[in-house]
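# Architecture at a glance
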Amino acid sequence: MLTRDLIASQILHVLKGTNFTNLGTRYEGKVRDNYTQGNRRILITTDRLSAFDKVIALIPFKGEVLNAITKFWFENTKDICPNYVEAYPDPNVMVGKECKPVMLEMIVRGYITGSTTTSAWYNYEKGVRNFCGNVLPEGLKKNQKLSAPIITPTTKAAHGDHDANLSGLEAVERGLVTMEEWEQLSKYTLALYARGVEVAARQGVILVDTKYEFGRDPDGKIMLIDEIHTPDSSRFWIAATYEEKMATGQEPDNINKEFLRLWLANQNYRGEGEMPNIPEDVIVETAEKYIKAYEMITGQQFMSQPGEVLARIETNLKPYML
Amino acid sequence: MNKALSPLDGRYVEKVGELARFFSEAGLIRSRVGIEVEWLIYLCNTLKLEGTAPLNEKEREAFRKLYIEFQDEFAEEIKTIEKTTNHDVKAVEYFLQKAVGLLNRSDLIPFIHFGCTSEDINNLAYAQMMKAGIQTVMIPNLEKILAFIKEISETYRKTPMMAHTHGQPASPTTVGKEFKNVGARLFRQFEQLRKMEFLGKMNGATGNFNAHVVAYPEVDWVTASRQFVEGLGITWQRYTTQIEPHDGMAEVFDCFRRINIIMLDLSRDLWTYISMGYFKQKVLKGEVGSSTMPHKVNPIDFENAEGNLGIANALLTHFSEKLPVSRMQRDLTDSTVIRNIGTAFGYSLLAYKSLFKGLGKLEVNEARLQEDLNQNWALLSEAIQTVLRRYGVQNAYEQLKELTRGTTVDQEKIAAFIETLDIPKDAKNRLLKLTPETYIGLASTL
């Protein structure tokens, strides 16, 4: 684990964004800057942290951490499902194939949990016994492990995070995917999740549920795109205390990605009006949470070369400049 | 297209035609075929009803293709059968009887539409159509508008603008804040819309599983019904008469009605601000404003939106008042009215698209905004009299009334007045520094 002082000194070098003029057509996502060059896409994960639908802070090493988690998992799953990455030229950068996204997000759940209206537990508690095409037995308790993982796809919302649940058949019926695609995606989803569960378990971490996005490469082949098994796309619990927490009716310990959002909420900020100033120690602590998440999920130590990020990226991306 | 009776299917078909996939007659038939197919598969494969043999994977796929890859000819064929049966749901049943025959599964014929009243199929078909149409077409178009409004409110967060109450100058606001007001209203309604449930039932002729239980007393039909309905992505109703009571639909219609009213309010405001010169409209190349007055750029997009929102809401109002009412177990008044639901969504969508187009053409006319602010120094009278109150000045309101009503007040006159006031120096300085442009309160930070 990096020291707090070292993290603090990196604040000077946070990667706010990039504006390369010779790297292709630029598109700015919430967290990533994307550059398209024909059939190739260069994805630069910045240190932007977004919440309440906007960028709220820059967190040192965050881009590198997220990129490293995704790299770890892509490398560990490419034998079961091809992914779009072709190279990792820099700790913050992935170079991948330009894919046409499949208009369906594949969510897979090994446990029945959650509190939002689209979550499995919320619906189960309301009495739903067929959730997105999966028949659920009577008598399940919150956070209980399901006898087998279930797939609950959602539509991909164009704006905001307002995806809606649906069953695989509904997705096919609406023409979002074909029957064959649905079957292929389901197979990949279950296999990826099984691998994720297995690898995370070695570190004493439970991969509770997660979301995959797929796309088709220029040859029409289905591949895994976006990110995989990151704290942003997944829920992780701590295995060591899970049984005890279940037995005593408490919520399982988790790897928390909401630290800064909760801090802001405690300052009575919920996305409206002027945002309170975020002190340096809160920024550092947020960075620590991300680094810790990397280490817990992957079982590896986070190694980084502190210092100027943007210049390093520019050097490493030289071969890709047009 | 020129011969279509309704403009939705004629003049505007390019804008709203995407809804036809869900709400047209063919869309309805397709949806009915889907429910019948899934019910048969459910009975044979999940419930494993005695006397049925399950459909294997290939049969299931072939059978599901009947609705997933629904062909125009299927609809034609079903319409032809309907001419003989004079019953639209029965026609679907006959169509499927033929289809299972072609798959060499004539043994399934008795189980097509098993235990169902037509309404069991219809209510689920309509629920699915509504759900799919709203989620795939309506919500994305609404979100586009909201995203745009958010963007405008951010861009013009600090751009001061004179407000109008009763059409008269009032304490200034900012352009961004005015949009933010609308965004907040829409957001609240969208949150409700997203939570809307689509309700459905599958419980036989009068809602009591009478026939089911007589034929298969050993089956738990209540659980089966629930499992089947939820499997379609629809919220199950335990208590119904012959028909699903349509209260859930009314909730959805009412939610759209409220959304449409906000959109209408926005359209009129933008129209008015354009007429006052607060906004200009970017001219699209080739577009003609008036047929006789070449200089004109009319706010047609907002007018189109306003007009169509009115039609949409007239329909939605009728639906939500009519559909939940049915004599005793049922009458057929709902059946003919419900066929029109796509029309209400069509007029709404048309309006949303016009509104979106209009928003995209807006350009804030900052010079005009400043001009109005600079000519209305009387706007500061509220500020001054409120400060006077703070310092206990007795007739603050009256003093300002005297100063401002009926005469033109400019910066000099205001400054001279402030100088005469018996208030602490720093308060006086604060007032002297104030201009209509800076008297915007918290508008830019709210």
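Residues numbered from 1 in each chain as written. Chains lettered and ligands numbered in written order. Predicted model: local features only at pLDDT ≥ 70, side-chain atom pairs only at ≥ 80, totals over all residues. Heavy atoms only, no water.

## Notes on the overall build of chain B
Rule in force here: Put simply, DSSP marks the helices as runs of H or I at least four residues long and the strands as runs of E at least two long, and each gets a number from the N terminus on. Only C-alpha atoms enter the radius of gyration; for comparison, a globular chain is expected to reach 2.2 Å times N to the power 0.38, where N is the number of residues. Here's how the labels work: a residue is buried when its accessible area is under 20% of the maximum for its type, exposed when over 50%, partly exposed in between, all with a 1.4 Å probe on protein chains only. Note on contacts: a residue pair is in contact if any heavy atoms of the two residues lie within 4.5 Å. Note on areas: Shrake-Rupley, 1.4 Å probe, and residue coverage restricted to the protein chains presented here.
Per the secondary structure count, chain B includes 19 helices and 6 strands. Its C-alpha atoms give chain B a radius of gyration of 31 Å, more than 25% over the compact-globule value 22 Å for 446 residues. Dimensions of chain B, computed from C-alpha atoms along their principal axes, come out at roughly 100 × 55 × 40 Å. For chain B, with 446 residues in total, the buried portion stands at 50%. Contacts spanning at least 24 positions in sequence make up 77% of the contacts within chain B whose residues lie at least 6 apart. For chain B, the computed accessible surface area is about 21500 Å², with 52% contributed by carbon and sulfur atoms.

## So, a negative patch on the surface
Formally: The patch calculation keeps residues exceeding 30% relative accessible area without a salt bridge and links them within 9 Å when they carry like charges or within 5 Å when they are nonpolar (Val, Leu, Ile, Met, Phe, Trp, Tyr). For this analysis, a salt bridge means a side-chain nitrogen from Lys or Arg found within 4 Å of a carboxyl oxygen belonging to Asp or Glu. Positive residues here are Lys and Arg, negative ones are Asp and Glu, while His and the chain termini are left out of the count. A charged residue contributes its charge at one atom only: NZ of Lys, CZ of Arg, CG of Asp or CD of Glu.
On the surface, Glu180(A), Glu183(A), Glu57(B) and Glu69(B) cluster together into a patch of negative charge. In this structure, Glu69(B) sits in the loop between helix 4 (57-68) and helix 5 (72-85).

## Quick look at the pattern of salt bridges
The tally for this structure, following the rule as stated, stands at 50 salt bridges over all chains. Where Lys126(A) meets Glu197(B), a salt bridge forms, and the shortest distance between an N and an O atom there is 3.1 Å. Residue Lys126(A) is located in the loop between helix 3 (120-125) and strand 9 (130-131), and its partner Glu197(B) is located in the loop between helix 8 (175-195) and strand 3 (199-200); the two belong to separate chains. A relative accessible area of 41% places Lys126(A) in the partly exposed class. Residue Asp372(B) is joined to Arg368(B) by a salt bridge in which the shortest nitrogen-to-oxygen separation is 3.0 Å. Of the two residues, Asp372(B) and Arg368(B) both sit in helix 15 (residues 366-374), 4 residues apart, roughly one turn of that helix. Here Asp372(B) falls in the buried class, since its relative accessible area comes to 10%. Arg368(B) gets classed as partly exposed once you look at its relative accessible area, which sits at 22%. Within the structure, one salt-bridge network assembled from shared partners comprises Glu25(B), Arg32(B), Lys79(B), Glu82(B), Asp88(B) and Arg339(B).

## As for the side chain of Ser320(B)
Residue and element names in this part refer to chain B. Selection rule: Identification of polar contacts relies on pairs of N or O atoms within 3.5 Å, with a donor-acceptor requirement for protein atoms, meaning one able to donate a hydrogen and the other able to accept it, and with residues adjacent in sequence counted only if both atoms are side-chain atoms.
By secondary structure assignment, the location of Ser320 is in helix 12 (residues 300-322). Given a relative accessible area of 12%, Ser320 falls into the buried group. Side-chain polar atoms of Ser320 contact the side chain of Asp254, separated by 2.8 Å. Those residues in contact with Ser320 that lie beyond four places of it in its chain are Ala250, Phe253 and Asp254.

## As for the domain arrangement of chain A
Residues and elements named next belong to chain A. Inclusion rule: In this document the domain limits rely on a domain assignment from an automatic tool or a database.
In terms of domain boundaries, chain A breaks down into domain 1 (4-99 + 258-320) and domain 2 (100-216). Here the C-alpha centre of domain 2 lies 26 Å away from the C-alpha centre of domain 1. Each partner contributes to the interface: domain 1 provides 16 residues, whereas domain 2 provides 16 residues. Where domain 1 touches domain 2, the interface holds 1 salt bridge. Among the salt bridges present, the one from Arg195 reaches Asp79, with a minimum N-O distance of 2.9 Å. Inspection of the region where domain 1 meets domain 2 yields 3 residue pairs in polar contact (both at pLDDT 80 or more). If you list the elements that add at least two residues to the side of domain 1 that touches domain 2, you get helix 2 (62-77) and helix 8 (280-298).

## Considering the interface of chain B and chain A
When the parts come together, some accessible area is lost, and that loss is often what is quoted as the size of the interface. Quick reminder of the rule: Buried area: the accessible surface (1.4 Å probe) lost by two parts on joining, summed over both. When residue character is reported, Ala, Val, Leu, Ile, Met, Phe, Trp, Tyr, Cys and Pro are called nonpolar, Asp, Glu, Lys and Arg charged, and the others, Gly included, polar.
Listed as interface residues are 30 residues of chain B and, on the opposing side, 24 residues of chain A. Across the interface of chain B and chain A, roughly 2300 Å² is buried in total on both sides, 51% from carbon and sulfur atoms. At the boundary of chain B with chain A, the tally comes to 4 salt bridges. For the side of chain B that touches chain A, the secondary structure elements donating two or more residues are helix 3 (25-46), helix 4, helix 7 (118-155), helix 8 and helix 10 (221-231) of chain B. Class assignment for the residues of the side of chain B that touches chain A results in 6 nonpolar, 7 polar and 17 charged.

## Structural notes on the packing of aromatic side chains
The criterion, for reference: In this scheme Phe, Tyr and Trp rings, the latter by its six-membered ring, pair at centre separations within 6.5 Å, and the angle between planes marks the pair as stacked below 30 degrees, edge-to-face above 60, and tilted otherwise. Definition used: whenever NZ (Lys) or CZ (Arg) falls within 6 Å of the ring centre and also within 35 degrees of the ring normal, the charge is taken to sit over that ring.
Across all of its chains, the model carries 29 aromatic pairs over all chains by this definition. Taking the centre distance of 5.6 Å and the plane angle of 50 degrees together, the rings of Tyr42(B) and Phe228(B) count as tilted. Of this pair, Tyr42(B) sits in helix 3 while Phe228(B) sits in helix 10, and the two are 186 residues apart along the sequence. A relative accessible area of 8% places Tyr42(B) in the buried class. Among the aromatic side chains, those forming a connected cluster through ring pairs are Phe23(B), Phe253(B), Phe256(B), Phe319(B) and Phe345(B). Geometry around Tyr124(A) places Arg129(A) over its ring, the cationic atom sitting 3.8 Å from the centre. The lysine or arginine in question, Arg261(A), covers the ring of Phe52(A), its NZ or CZ lying 4.9 Å from the ring centre.

## What about the domain arrangement of chain B?
Split into domains, chain B comes out as domain 1 (13-114), domain 2 (119-366) and domain 3 (376-433). Taking only C-alpha atoms into account, the centre of domain 2 of chain B sits 47 Å from that of domain 3 of chain B.

## Here's the deal with the pairing of strand 2 (residues 32-37) of chain A
Residue and element names in this part refer to chain A. The condition is simple: When DSSP locates at least two bridges between a pair of strands, those strands are taken to pair.
Counting buried positions along strand 2 yields 5 of 6 residues, so the element is predominantly enclosed. Sheet topology places strand 1 (residues 25-28) next to strand 2; 4 bridges connect them, and they run antiparallel. Paired with Thr25 across the two strands is Thr36, which belongs to strand 2. In this structure, the hairpin formed by strand 1 and strand 2 is closed by a connection of 3 residues. Direction of pairing for strand 2 relative to strand 3 (residues 40-45): antiparallel, over a ladder of 6 bridges. The partner of Gln37 across the bridge, within strand 3, is Arg40. Taken together, strand 2 and the strand that follows it, strand 3, pair antiparallel across an intervening segment of 2 residues, in which Gly38 is found at a positive phi of about 60 degrees.

## So, the nonpolar core
As a rule of thumb, soluble globular proteins bury nonpolar side chains together. Put simply, the rule reads: Nine residue types can take part in a nonpolar core, namely buried Ala, Val, Leu, Ile, Met, Phe, Trp, Tyr and Cys, and a core is a set of them joined through side-chain atoms within 4.5 Å.
In this structure, Phe214(A), Val33(B), Phe179(B), Trp221(B), Phe256(B), Met263(B) and Phe279(B) are the most contacted members of the largest nonpolar core, which totals 189 residues. It is helix 7 of chain B that provides the largest number of residues to this core, a total of 17 residues. In this structure, Val387(B), Ala396(B), Ala427(B) and Leu431(B) belong to the second largest nonpolar core, which totals 19 residues.

## Some points on the sheet that holds strand 1 of chain A
All names here are of chain A. Under the convention used in this document: As a rule, the C-alpha atoms of each element are fitted with a line to give its axis, helices using only the stretch in contact, and angles between N-to-C directions run from 0 to 180 degrees.
Read across the open sheet, the 5 strands follow the order 1-2-3-7-6; overall the sheet is antiparallel. Unpaired on one side and paired on the other, strand 1 and strand 6 (85-90) mark the two borders of the sheet. Averaged over all pairs of adjacent strands, the angle between their axes in this sheet comes to 20 degrees, without regard to strand direction. Helix 2 rests against strand 3, strand 6 and strand 7 (93-97) of the sheet, and its axis sits at about 145 degrees to strand 6. Across the sheet, helix 9 (residues 309-316) lies against strand 3, strand 6 and strand 7, angled at about 130 degrees from strand 6, the strand it touches most.

## Thoughts on helix 5 of chain B
Residues and elements named next belong to chain B. For clarity, the threshold we go by: By this rule the span expected of a helix is its residue count minus one, scaled by 1.5 Å. Picture the helix axis, draw a direction to every C-beta atom, and the arc is the one those directions span.
For helix 5, spanning 14 residues, the distance from its first C-alpha to its last is 20 Å, which sits close to the expected 20 Å at 1.5 Å a residue. Those residues of helix 5 not exposed but buried are Phe74, Ala75, Ile78, Ile81 and Glu82. Looking down the long axis of helix 5, one finds its buried residues gathered within 125 degrees of arc, a one-sided arrangement. Across helix 5 from its buried face, at more than 90 degrees, point the exposed residues Asp72, Glu73, Glu76, Lys83 and Thr84. Check the buried side of helix 5 and you find it contacts helix 3, helix 4 and helix 6 (88-102). Asn86 sits one or two positions beyond helix 5 and adopts a positive phi of about 55 degrees.

## Some details on helix 10 of chain B
Buried residues of helix 10 of chain B: Trp221(B), Ala224(B), Ser225(B), Gln227(B), Phe228(B), Val229(B) and Glu230(B), and no others. Phi turns positive one or two residues past the end of helix 10 of chain B, at Gly233(B), with a value near 85 degrees.

## Here we look at the state of the cysteines
Short version of the rule: Disulfide assignment relies on a single distance test, namely cysteine sulfur atoms paired within 2.5 Å.
In the structure shown here, the tally under the stated rule is 0 disulfides over all chains. Looking at Cys99(A), it has no disulfide partner, and the nearest cysteine sulfur is the one in Cys81(A), 11 Å off.

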